[in-house]
Amino acid sequence: MALLFKNRGALLLLMFNLFLVFAGIGLVIPVIPQYITILDINGTIAGMLTASFAFTQLVFSPLAGRLSDSLGRKRMIVAGMLVFACAEVIFGLADSALLLFVSRMMGGVSGALIMPTVMAYVADVTSEEDRAKGMGFINASISTGYIIGPGIGGYIAEFGIRVPFYAAGVAGLIAAILTMIVLPESLSSIVKGDENRLANLEPKRSLIQQLRSTYREPYFISLIIVFVMSFGLANYEAVYGLFVDHKFGFTPKDIAFIFTFGSIGGALVQLTIFGWIISRYGEKAVITVCLLLAGVFVLLTLFVHQYWLIFAVTFVVFLSIDILRPAISTQMSMVAKEHQGYLAGLNSAFTSLGNIIGPVVAGLMFDINVNYPYVVAGIILILCFGFTLRTGIKRVQRARV
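If you're wondering where the values come from, they're calculated on a predicted model, not measured in any experiment.

Peer 1: For this particular structure, what's the right way to read the packing of aromatic side chains?
Peer 2: A full pass over the atoms with the stated rule returns 9 aromatic pairs. A ring pair is formed by W276 and Y281, whose centres lie 6.0 Å apart and whose planes are at 90°; its orientation type is edge-to-face. Its relative accessible area of 45% is what places Y281 among the partly exposed residues. Through pairs of rings, three or more aromatic residues link up here, namely Y236, Y240, F243, F248, F318 and Y374. Positioned over the ring face of Y281 is R280, at 5.0 Å from the centre of the ring.

Peer 1: What exactly am I supposed to notice about the side chain of T117 here?
Peer 2: Structurally, the position occupied by T117 is in helix α6 (residues 97–125). Here the side chain of T117 touches L113 through a polar contact of 2.6 Å, landing on its backbone oxygen. Setting aside anything within four residues of it in sequence, one finds T117 in contact with A64, S68, R73, M76 and I77.

Peer 1: How do you make sense of the nonpolar core when you look at a structure like this?
Peer 2: If you look at soluble globular proteins, the nonpolar side chains tend to sit buried side by side. Among the nonpolar cores identified, the biggest contains 97 residues, and Y35, I138, Y240 and L324 are the most heavily contacted of them. When near neighbours in sequence (up to four residues on either side) are disregarded, I138 contacts L11, L14, M15, L18, V118, M119 and V122. Counting residues in each nonpolar core, the second largest holds 5 residues, with A54, L58, A349 and I356 among its members.

Peer 1: Can you walk me through the packing of helix α3 (residues 32–39) against helix α12 (residues 240–248) in this structure?
Peer 2: Helix packing geometry: the angle between the two helix axes and the distance between the axes. Look at α3 against α12: their axes get within 8 Å of each other, and the N-to-C directions meet at 85°. Judged by the angle between their axes, α3 and α12 are roughly perpendicular. Residues I32, P33 and I36 of α3 pack against G241, L242 and D245 of α12. For the contact of α3 with α12, the class distribution of residues is 4 nonpolar, 1 polar and 1 charged.

Peer 1: I keep staring at the pattern of salt bridges and nothing clicks. Help me out?
Peer 2: Oppositely charged side chains can pair when the atoms bearing their charge come close. Under the criterion given, the structure shown has 1 salt bridge. The shortest N-O distance in the salt bridge between R104 and E88 comes to 3.1 Å. On the criterion of sequence distance, the pair formed by R104 in helix α6 and E88 in helix α5 (residues 73–93) is long-range, its members being 16 residues apart. With a relative accessible area of 2%, R104 lands in the buried category. Look at E88 and you get buried, because its relative accessible area is 2%.

Peer 1: It is not clear to me how a nonpolar patch on the surface should be interpreted in this structure. Could you clarify?
Peer 2: Taken together, the side chains of L82, V170, L173, I174, I177, L178, M180, I181 and V182 define a hydrophobic patch exposed on the protein surface, amounting to about 820 Å² of accessible area. If one sorts the elements of the nonpolar patch by residue count, helix α8 (residues 163–182) sits on top with 8 residues. Among the structural elements, L178 can be located in helix α8. On the basis of relative accessibility, which here comes to 38%, the residue L178 falls in the partly exposed class.

Procedures and definitions
- Residues numbered from 1 in each chain as written.
- Predicted model: local features only at pLDDT ≥ 70, side-chain atom pairs only at ≥ 80, totals over all residues.
- Heavy atoms only, no water.
- Phe/Tyr/Trp six-rings, centres within 6.5 Å; stacked < 30°, edge-to-face > 60°.
- Buried < 20%, exposed > 50% of the residue type's maximum accessible area, 1.4 Å probe, protein only.
- Lys NZ or Arg CZ within 6 Å of the ring centre and 35° of its normal.
- Helix = DSSP H or I, 4+ residues; strand = E, 2+ residues; numbered from the N terminus.
- Polar contact = N/O pair within 3.5 Å; in protein donor to acceptor, adjacent residues only side chain to side chain.
- Contact = heavy atoms within 4.5 Å.
- Core = buried A, V, L, I, M, F, W, Y, C linked by side-chain atoms within 4.5 Å.
- Axes fitted to C-alpha atoms, helices over the stretch in contact; angles between N-to-C directions.
- Parallel < 35°, antiparallel > 145°, perpendicular 65-115°, else oblique.
- Nonpolar A, V, L, I, M, F, W, Y, C, P; charged D, E, K, R; others polar.
- Salt bridge = Lys/Arg side-chain N within 4 Å of Asp/Glu carboxyl O.
- Patch = residues over 30% accessible without salt bridge, like charges linked within 9 Å, V, L, I, M, F, W, Y side chains within 5 Å.
- Areas by Shrake-Rupley, 256 points an atom, 1.4 Å probe, with all protein chains shown as cover.

Listed below in structure tokens is the structure:
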């Protein structure tokens, strides 16, 4: 059995860290209508606020991936959690749009330090046959945090719209301390005295050079899907609170309920049967079906009006993305070999690109027409589905024990 499953405490701690960071992204969604009123900002600024997190994550992710290969996974994770804690407290204290942007950008740095490092950690301690299970667990924490964050924010906001961010800051500090004390360093089992070996595997290139060179790599199509998936979900979530507030008058608590229970199905699938789904149907089938479902149900959001139908459509969108995300990560990790940290950094970078462009486009479109963000997101997801059918995605062959 792979080391990952021998050290369940370490796995749970990694999942908790990622959950916190990505829940922190979504905390603002149910309260953003109130922040817009207080600080007098529009939908475009709200979209840019969400995108600022992803922008700094994009800039720092490739560097963080390389540093985790050379300096160790544990140091990067602890540093990321400390930055996250500071960012959340600043957001809670903010009385201007400028401080909100500072907080979100610090949050992006924390995401860049943590996300690729944790994925590389899992790759370090799993065999190829268990990789899908490991990535399923880790991506369950990312997806659940990203999706349930608005739910948590909506419920805690009943005590005040700033309280969720103070609570997240305290939780981040506790997680950093626990990580420092409990988490073992995964690289010690593979470096074996040659600390510089992994650091020298990848030439030091700029972010632009790394992104430009990816089209020659076997995982390029997977990275494109990562971008489209992130664009679609970020577009969907960035204006969700504004969309349902304008069209249906939903309160933060209404939004919290939809996001909370909408995330449960995807998390359960990732934690239980995701590995079996990949083994049974393969990456290509899972990825193409999930892209199609996500695109169709994003468009269906425009045609439902009853509360339970809105809940059902949102649930399917989240479930599709929850399955799609680890399927892509698993496919790429199989071809990464000794470059796990580097490729995890690129994965995070393309995720950030989608998280930057998605909210900006959503905010601009929302100010024109409340329906336009979902028209754009749905069409792009469906076009990507057609792209995968045309180009194909190689199914990774796994070793049989």
